[in-house]
Amino acid sequence: MDKTIERIWLKSCEVYGVSPEDIRSRKMDMVLAKHATWILCADLGISYKKIGREMGFDHVTVMQGIRAGLNDIRYRHGCRKTFNQLCDALGMPNSERYS
């Protein structure tokens, strides 16, 4: 896996309290971790196609996940708070830029 994607993915799993091996799980915490990872990777200029290929998903799934994740960050306080913790842990700007 690409080192940048892997670093974000592993930190996301740590912050959201999920196991990286359960990447295909549809449990809410895993879904939120995937979406947060995809959002931050896209922010760094990594293409949807590359994110999907590296993480085992189709690029369209990545696009839809980013859209859903951004809605969660904008409208669900708990999601915004956890996403901000992830951004802080990675030294990246927080969710204010998505408002």
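Located above this text is the structure these notes cover.
Now for a look at the structure at hand. Since the model is a prediction, treat every value here as computed from it, not as a measurement.

1. So, the overall build of the protein chain
Thought 1: Of the regular secondary structure elements, the protein chain holds five helices and zero strands.
Thought 2: Taken against the 2.2 N^0.38 rule, which gives 13 Å for 99 residues, the C-alpha radius of gyration of the protein chain at 12 Å falls within 12% of a compact globule.
Thought 3: Sequence-distant contacts, at least 24 apart, represent 59% of the contacts inside the protein chain between residues at least 6 apart.
Thought 4: Just so you have it, the protein chain exposes about 5,600 Å², and 49% of that area is on carbon and sulfur atoms.
Thought 5: Across the protein chain, the centroid of the 16 positively charged side chains sits 4 Å from that of the 12 negatively charged ones.

2. Remarks on helix α3 (residues 48-55)
Thought 1: For α3, every residue scored as buried is listed here: Ile51, Gly52 and Met55. In an axial view of α3, the angular spread of the buried residues amounts to 95°, which keeps them on one side of the axis. Looking at α3, the residues exposed on the side facing more than 90 degrees away from the buried face are Lys49 and Arg53.
Thought 2: In this fold, the buried residues of α3 make contact with α1 (3-16), α2 (28-43) and α4 (59-75).

3. A word on the packing of aromatic side chains
Thought 1: The full count for this structure, using the stated rule, is one aromatic pair.
Thought 2: The interplanar angle of 70° and the centroid separation of 5.3 Å between the aromatic rings of Trp38 and Phe57 together place this pair among those described as edge-to-face. Taken together, the residues Trp38 in helix α2 and Phe57 in the loop between α3 and α4 connect sequence positions 19 residues apart.
Thought 3: Cation over ring: Arg24 sits above Phe57, and NZ or CZ is 4.2 Å from the ring centre.

What counts as what
Residues numbered from 1 in each chain as written. Predicted model: local features only at pLDDT ≥ 70, side-chain atom pairs only at ≥ 80, totals over all residues. Heavy atoms only, no water. Helix = DSSP H or I, 4+ residues; strand = E, 2+ residues; numbered from the N terminus. Rg over C-alpha atoms; globule rule 2.2 N^0.38 Å. Contact = heavy atoms within 4.5 Å. Areas by Shrake-Rupley, 256 points an atom, 1.4 Å probe, with all protein chains shown as cover. Lys, Arg positive; Asp, Glu negative; His and termini not counted. Charge placed at Lys NZ, Arg CZ, Asp CG, Glu CD. Buried < 20%, exposed > 50% of the residue type's maximum accessible area, 1.4 Å probe, protein only. Arc of directions from axis to C-beta. Phe/Tyr/Trp six-rings, centres within 6.5 Å; stacked < 30°, edge-to-face > 60°. Lys NZ or Arg CZ within 6 Å of the ring centre and 35° of its normal.

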